[in-house]
Amino acid sequence: MTEPTLTRPPVWQRIWRSIVREPFTGDRRSRLRLVMNNLILHLHPSQVPARTLRFTYTWGLGGLSGLLVVILAVTGMLLETAYTPSPDKAYTSILALSTRIWFGQFIRNLHHWSGNLMIIVVALHMLRVFFTGAFRAPREFNWLVGIALLLLTVIANFTGYLLPWDQLAYWAITVGSSIIVYIPLIGNGLANVLLGGPDIGPTTLLNFYAFHISIIPMAILVLMSLHFWRVRKDGGLSLPRSVDEPPVNKDENVLTVADLVRPEAVWATVALAGIVLWSAFVNAPLEALANPDASPNPAKAAWYFMGIQELLLHFHPLIGAIIVPTLGLLGMVALPYMDSDMDSVGIYFRSRRGRWLALFSAASGAMATALYVVLDEFFIDWAGWFYGLPAIISNGVLPLILLLLGVIGYYEFVRRVFRATKCEGVLSVFVLVLAGFIVLTLVGVFFRGAGMKLMFPWQIVTIH
Ligand code: HEM
């Protein structure tokens, strides 16, 4: 008797099934679709509520942040092949990108601009989540994960800033890392560990390189996966609605691949084309080789730390560089637990009144901050007025108390005078402080000249 022969599928079909675990259909197009759908359905559910597709609700900012991470990872890996993290080779390896390596300058531009853009895009994504109240239950934890992602984005940019080892890098990092020293008790030790000694040198470059290419990207990857997973576990995106609509719990569902992934792909292509075009024409800055003996005047931190550097000009360093930013950060962490009004989730700026309160608070915060900057330059003299008191009190604690009273007073003002609800009051304070911080950053970047003296727009025009 002859043995029955087992008919096994050909090897290439077995390989196929081992990868996608779906039967092989034989048609190339459907094969491709199968793989894509498998991949996409790990990120998205198979169906999503129709109203979450409104572009003007999310502005695609979360997805754009993700796209930037991918661009940064790819270009970063390419740059790594040409870069040596030692003071005598780092600068020349960056120079070689523009002279000896095909598309080297372009890849560097893509990496540089995507990194800077990512800070802006992630911050805007956070603002959209804040303004639509999407940080409230059940998304409080994802808001916290988001804050960690924002911090990591800034740290990734900061550590990357030193790598070209030019004057810009050396002095911006010198100014930026001098802030660490003001952390009470551990400041000096921490700065020593991070910089690998009291000053910026070869060990600093190596430490920053290690953080920049492995520790921080890994942390971003892990937290991003957690963030995406939580979006799904929290029931998908919060549902957008307009001011007059009643709360919605459910909506008609549409198919993800047809209705969400296509617009996402279009948006990603447009964004990618914009970044590629910009990077093709605008080169990332590179100054002369770092010279520890020749400090530029003014020596400024990177733009995203200019708000804090500006605070240092107005407060005692412990208060300006550590206490005020820490209070801001704690406020953001506490936000979902202080403001849990579920009625306005999904509505931009909470209500009609919330809309103009946000506008009013933005104008008030911007004007009050600009006024204080000018007054502090010419009239205010905390140390002189309270001569005899330690600087931390006269130039730190006293102005801090004034600042806190101003913020609390503003909250009470909008609550009583404009009859704002609690959540509209929190919105107003957030916008007030945010506008102040943006003005401080702009003043630091554009209106500080030699010796960090305040320059008015007409003085800048005269100098140029
Ligand atoms: C690397 C940085 C980040 C990436 C890649 C990212 C990505 C995303 C994506 C793709 C979504 C869904 C679509 C959208 O809302 O646009 C989302 C939603 C969300 N993100 Fe982020 N995000 C990042 C940072 C942040 C930050 C800084 C915060 C807040 C501090 C945050 C809080 C949230 C919350 C609460 C949601 C749910 C929003 C809702 O249900 O309406 N994320 N994020």
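Residues numbered from 1 in each chain as written. Predicted model: local features only at pLDDT ≥ 70, side-chain atom pairs only at ≥ 80, totals over all residues. Heavy atoms only, no water.

A short note on the overall build of the protein chain
Here's step 1: A count of helices and strands for the protein chain gives 18 helices and two strands.
Here's step 2: Overall, the C-alpha framework of the protein chain stretches about 110 × 65 × 45 Å when taken along its three principal axes.
Here's step 3: In the protein chain, which comprises 464 residues, the share counted as buried stands at 41%.
Here's step 4: A separation threshold of at least 6 residues defines the contact pool for the protein chain, and within that pool the share at least 24 residues apart is 78%.
Here's step 5: Working note: accessible area of the protein chain is about 25900 Å², and carbon and sulfur atoms make up 70% of it.
Here's step 6: For the protein chain, the distance from the average site of its 33 positive side-chain charges to the average site of its 26 negative ones is 9 Å. (Helix = DSSP H or I, 4+ residues; strand = E, 2+ residues; numbered from the N terminus. Buried < 20%, exposed > 50% of the residue type's maximum accessible area, 1.4 Å probe, protein only. Contact = heavy atoms within 4.5 Å. Areas by Shrake-Rupley, 256 points an atom, 1.4 Å probe, with all protein chains shown as cover. Lys, Arg positive; Asp, Glu negative; His and termini not counted. Charge placed at Lys NZ, Arg CZ, Asp CG, Glu CD.)

A word on the coordination of the iron atom of the ligand
The expected angle between donors at a tetrahedral four-coordinate metal is 109.5 degrees. At an octahedral six-coordinate metal it is 90 or 180 degrees.
Here's step 1: Distances from the iron atom of the ligand to its protein donors, namely His 125 (NE2) and His 227 (NE2), fall within the range 2.0 to 2.1 Å.
Here's step 2: Considering all six donor atoms around the iron atom of the ligand, the spread of angles at the metal, 87 to 179 degrees, places the coordination shape in the octahedral class. Taken together, the positions of His 125 in helix H6 (residues 104-131) and His 227 in helix H10 (residues 202-233) put the pair 102 residues apart, joining distant regions of the chain. There is no split in this pair, since His 125 and His 227 are both buried. (Donors = N, O, S within 2.8 Å, 3.2 Å for Na, K, Ca; no water. Tetrahedral: all angles 85-135°; square planar, octahedral: opposite > 155°, others 65-115°.)

Notes on the packing of helix H7 (residues 140-162) against H10
Here's step 1: Between H7 and H10, whose axes approach to 9 Å, the crossing angle comes to 155 degrees. Comparing their axes, H10 and H7 come out roughly antiparallel. Crossing of H7 against H10: the hand is left-handed.
Here's step 2: Its residues assigned to classes, the contact of H7 with H10 comprises 19 nonpolar, seven polar and one charged. (Axes fitted to C-alpha atoms, helices over the stretch in contact; angles between N-to-C directions. Parallel < 35°, antiparallel > 145°, perpendicular 65-115°, else oblique. Left-handed = near helix turned anticlockwise from the far one by under 90°. Nonpolar A, V, L, I, M, F, W, Y, C, P; charged D, E, K, R; others polar.)

Some thoughts on the site of the ligand
Here's step 1: Around the ligand, 26 residues are found, and the nearest of them are His 125, Arg 128, Arg 139, His 227 and Ser 238.
Here's step 2: In this structure, Gly 62 approaches the ligand through a main-chain N or O atom, which is 3.1 Å from an oxygen atom.
Here's step 3: Note that an oxygen atom of the ligand is positioned 2.7 Å from one of the side-chain N or O atoms of Arg 128.
Here's step 4: For the shell around the ligand, the class distribution of residues is 13 nonpolar, eleven polar and two charged. (Near = heavy atom within 4 Å. Polar contact = N/O pair within 3.5 Å; in protein donor to acceptor, adjacent residues only side chain to side chain.)

Remarks on the pattern of salt bridges
Here's step 1: Here the structure, examined in full by the defined rule, presents eight salt bridges.
Here's step 2: Among the salt bridges present, the one from Asp 339 reaches Arg 136, with a minimum N-O distance of 3.1 Å. Of this pair, Asp 339 sits in the loop between helix H13 (317-338) and helix H14 (352-378) while Arg 136 sits in the loop between H6 and H7, placing them 203 residues apart in sequence. Taken as a pair, Asp 339 and Arg 136 share a single burial class, namely buried.
Here's step 3: Among the ionic pairs, Glu 310 bridges to Arg 448, the shortest N-O distance being 2.6 Å. With Glu 310 in helix H12 (residues 306-314) and Arg 448 in the loop between helix H17 (422-446) and helix H18 (457-463), this residue pair connects regions lying 138 residues apart in the sequence.
Here's step 4: Arg 448 gets classed as buried once you look at its relative accessible area, which sits at 5%.
Here's step 5: Ionic contacts of the salt-bridge type, sharing partners, join the residues Glu 310, Glu 377 and Arg 448 into one network. (Salt bridge = Lys/Arg side-chain N within 4 Å of Asp/Glu carboxyl O.)

As for the side chain of Ser 177
Here's step 1: As for its position among the elements, Ser 177 is in helix H8 (residues 167-178).
Here's step 2: Discounting chain neighbours no more than four positions away, the residues touching Ser 177 are Phe 158, Leu 195 and Ile 200.

Some thoughts on a nonpolar patch on the surface
Here's step 1: A cluster of nonpolar residues, Phe 55, Trp 59, Val 266, Trp 267 and Val 270, forms a patch on the protein surface that exposes about 480 Å² of accessible area.
Here's step 2: Tracing the backbone through its elements, the reader meets Trp 267 in helix H11 (residues 256-281). (Patch = residues over 30% accessible without salt bridge, like charges linked within 9 Å, V, L, I, M, F, W, Y side chains within 5 Å.)

Things to note about the nonpolar core
Inside soluble globular proteins, nonpolar side chains tend to come together where they are buried.
Here's step 1: Residues Met 126, Phe 130, Trp 143 and Ile 220 are the most contacted members of the largest nonpolar core, which totals 39 residues.
Here's step 2: Ranked by residue count, the leading element in this core is H6, at nine residues.
Here's step 3: Two domains each donate at least three residues to this core, and these are domain 2 (54-296) and domain 3 (306-464).
Here's step 4: Setting aside residues up to four positions removed in sequence, Phe 130 forms contacts with Phe 135, Trp 143, Leu 335, Arg 350, Leu 427 and Phe 430.
Here's step 5: By size, the runner-up hydrophobic cluster in this structure holds 33 residues, among which are Leu 205, Tyr 209, Met 306 and Ala 321. (Core = buried A, V, L, I, M, F, W, Y, C linked by side-chain atoms within 4.5 Å. Domains from an automatic or database assignment.)

No statement about biological role is implied by the geometric values presented.
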